[in-house]
Every structure is written in C-alpha cells, then in structure tokens.
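Here's the letter readout for the chains.
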Amino acid sequence: MRSRFNINNYSNLGQRAITAVIGALLVVSGSIYSDWTYFLIFGVILAFSQMEFYKLSGLDGMLPLKSFGTVLGLMIFTLTFMIEKERLPHEYLYLIFPLVSLTFFIKLYKKTDKKPFTGVAFTYLGIFYVAVPFSLLNLAVFSVGATYHYEILIGCLMILWASDTGAYFAGTKFGKTKLFERVSPKKSWEGFLGGAFSAIAVAFLISQYFHVLADWKWLVIAGIIIIAGTYGDLIESLFKRSIEIKDSGNGLPGHGGFMDRFDGLLLSAPFITAFLKIF
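Criteria and cut-off values
- Residues numbered from 1 in each chain as written.
- Predicted model: local features only at pLDDT ≥ 70, side-chain atom pairs only at ≥ 80, totals over all residues.
- Heavy atoms only, no water.
- Phe/Tyr/Trp six-rings, centres within 6.5 Å; stacked < 30°, edge-to-face > 60°.
- Helix = DSSP H or I, 4+ residues; strand = E, 2+ residues; numbered from the N terminus.
- Axes fitted to C-alpha atoms, helices over the stretch in contact; angles between N-to-C directions.
- Parallel < 35°, antiparallel > 145°, perpendicular 65-115°, else oblique.
- Contact = heavy atoms within 4.5 Å.
- Nonpolar A, V, L, I, M, F, W, Y, C, P; charged D, E, K, R; others polar.
- Buried < 20%, exposed > 50% of the residue type's maximum accessible area, 1.4 Å probe, protein only.
- Patch = residues over 30% accessible without salt bridge, like charges linked within 9 Å, V, L, I, M, F, W, Y side chains within 5 Å.
- Areas by Shrake-Rupley, 256 points an atom, 1.4 Å probe, with all protein chains shown as cover.
- Salt bridge = Lys/Arg side-chain N within 4 Å of Asp/Glu carboxyl O.
- Pairing = 2+ DSSP bridges.
- UniProt positions renumbered as here; feature names shortened; annotations may be inferred.

A. Summary view of the packing of aromatic side chains. The final tally for this structure, using the stated rule, is 25 aromatic pairs. An angle of 85° between the planes, with centres 6.5 Å apart, marks the rings of Y150 and F210 as edge-to-face. A residue pair is termed long-range when its members are at least 10 positions apart, and Y150 in helix α6 (residues 150-174) and F210 in the loop between α7 (189-209) and α8 (215-242) qualify at 60 residues.

B. Region of interest: the packing of helix α3 (residues 66-84) against helix α4 (residues 96-108). Where α3 meets α4, the axes come as close as 10 Å, and the angle between the chain directions of the two elements is 175°. Taken together, α3 and α4 sit at an angle that is classed as roughly antiparallel. Of the residues in α4, those in contact with F68, L72, M75, I76 and L79 of α3 are I96, L99, V100, L102, T103 and I106. Of the residues in the contact of α3 with α4, the class split is 10 nonpolar, 1 polar and no charged.

C. Region of the structure containing the environment of Y94. Within the secondary structure layout, Y94 lies in the loop between α3 and α4. C-alpha separation for the pair Y94 and L79, spaced 15 residues apart in sequence, amounts to 9.8 Å.

D. Quick peek at unusual backbone geometry. Within the chain, E86 stands out as a residue other than glycine whose phi angle is a positive 65°. Overall, the relative accessible area of 60% leaves E86 in the exposed class.

E. Quick peek at a nonpolar patch on the surface. Taken together, L102, F104, F105, I106 and F117 make up a surface patch of nonpolar side chains, about 500 Å² in accessible area. Tallying contributions element by element places α4 first for the nonpolar patch, with 4 residues. The topology assignment puts I106 in helix α4. Judged by relative accessible area, I106 falls into the partly exposed class, the value being 30%.

F. Spotlight on the pairing of strand β2 (residues 184-188). As defined by bridge partners, strand β1 (residues 178-180) adjoins β2 across 2 bridges and the pair is classed as antiparallel. Each bridged residue has a counterpart across the sheet, and for F180 the counterpart in β2 is S184. What sits between the antiparallel neighbours β1 and β2 is a turn of 3 residues.

G. Main features of the UniProt feature "transmembrane region" (unreviewed entry) in the protein chain. The residues that UniProt annotates with the feature "transmembrane region" (unreviewed entry) are residues 63-80, 92-109, 121-142, 148-170, 191-210 and 216-235. Segment residues 148-170 splits into 91% helix and 0% strand. End C-alpha atoms: 35 Å apart. With 95% helix and 0% strand, the stretch residues 191-210 has end C-alpha atoms that lie 28 Å from each other.

Right, here's the structure in full:
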C-alpha cells in the first residue's frame, strides 16, 4: 500500500526542518527570480501575519477591523513598492493618511461595538506592528541606486535564520542562564550567544559574495538583527503570554504561525532600513 507524506508524523524538530527548507526555497527563489515575485511572496506573508495578529487580538476580547486592516496593510506595502520601483511618484504615499482614517468611519457604524476606539487602536497596531515593517523592506531592497537588489533581502534573511538556528541549538544544548524568564522561560543567554556567533559568521560569509553593500555594513546589519531580532521574539512572546497561548497559529508546522517565524524581522526591518537609508 502506497504511503502518503504527512508532516505531522515527524518530530517537532523534523517538522521545523522540513518547513524551514521548503519555506526558505520558496522565499529565496522567488526573491531572486524578480522583484514582482518578491512582491507577491512577501505580500502573501504580510497578509497571513496581519490576519494572525488580528485573530490573536480577538482572542483577548479586542475587535479590530480584520479584513479592512489587512487590506490597508497590503495597500501600504503596494504603494511603497510601486514608489520605490518608480512606477508611481512619491506623492502617492500621502494616500495612506486618508485610507487609514477610514477606520474611524467604519467603526462609527458598528452599532454592537461597545469599545470602538479599542478596536481602532488594535487595527492601527496591526498595521504599524506588521504591515509597516514589511513595507519598509521595499525601501531596503531598493536602497542602492533605486534598483531592486535581492542580495540585500536574502542576506538579511540568511543572517536572521542563522541567528534563530544558532540560538535554538545552542539554547537546547547549553542553555542554563535565563535571558528573560518573565516573558520567555526557555530562552537563555547561551542561546543568545550561539545565535549571535552564527549571525556574525554568516554575515562575514555573505560579505564575501554579496558586494552590493560594504563588508562593514553586513556586520552592522548582523548586530541589528542579533539585538532587534531577539527583542522582536521577546515582544511577540509577551503578546502571546498576555493572552495565554503558545503559538500565534498553526500555518507553519514546527514553527507555529507566520508571526512566530517572522517576529524577528518585524522589529529588525525598521532599524535595517533606517541604517541603509542614512548610511
């Protein structure tokens, strides 16, 4: 009898490895193929991540505008992409302000909503916490000569993945000293140092092949990802702990939800983009 592949038959580590390989191949190949496939892939990731955030907010009794907030997030992502690609003049960025203001109009007509401004606040938080960092990636990949450079994105992702992987294995093998026990009891300083070592090593290797940025800039980006990425993970853990859940979702076997996988990127992206634009 022919056996069927079922990822649930594997251990958690096996599921993590399979999901990571498939996801990485999809993201890397799509980002390298063209700027349009990059736009499509990260638009999908943004949508799933933002919907997860709104779903979790709902579990805590909040009533954000899930569909409308996600559409707004995708519109911001699309506008920044088209402007950076020079398909639209930068003045179109001002469309964001009236669009997000429509949230108040919609909430005004929600008769059963007892706390409309809480819903407005969490709708905006989903945009600022999830959609804005993904939109800033557009500024990062077009930061050198207004030309799409997949090397910047792939390099940042490889450093982030190296940091996560190094922290996971070092923490599992050597973790004893708690990093931030109140928020995340399993995270350790040993894991943090293992992740930092892996991130710096990968950044050095990347600098030897991806010359779109100076060598020192890759090392600075590694430093940003090590610190901001760790805080991004802790902040999402704090969010999940506040509503007493383990994972943000189950869309990625072995990893939880999309926010679990990209939480480090959400906090790193603003710092990386600011660094690349200023320096």
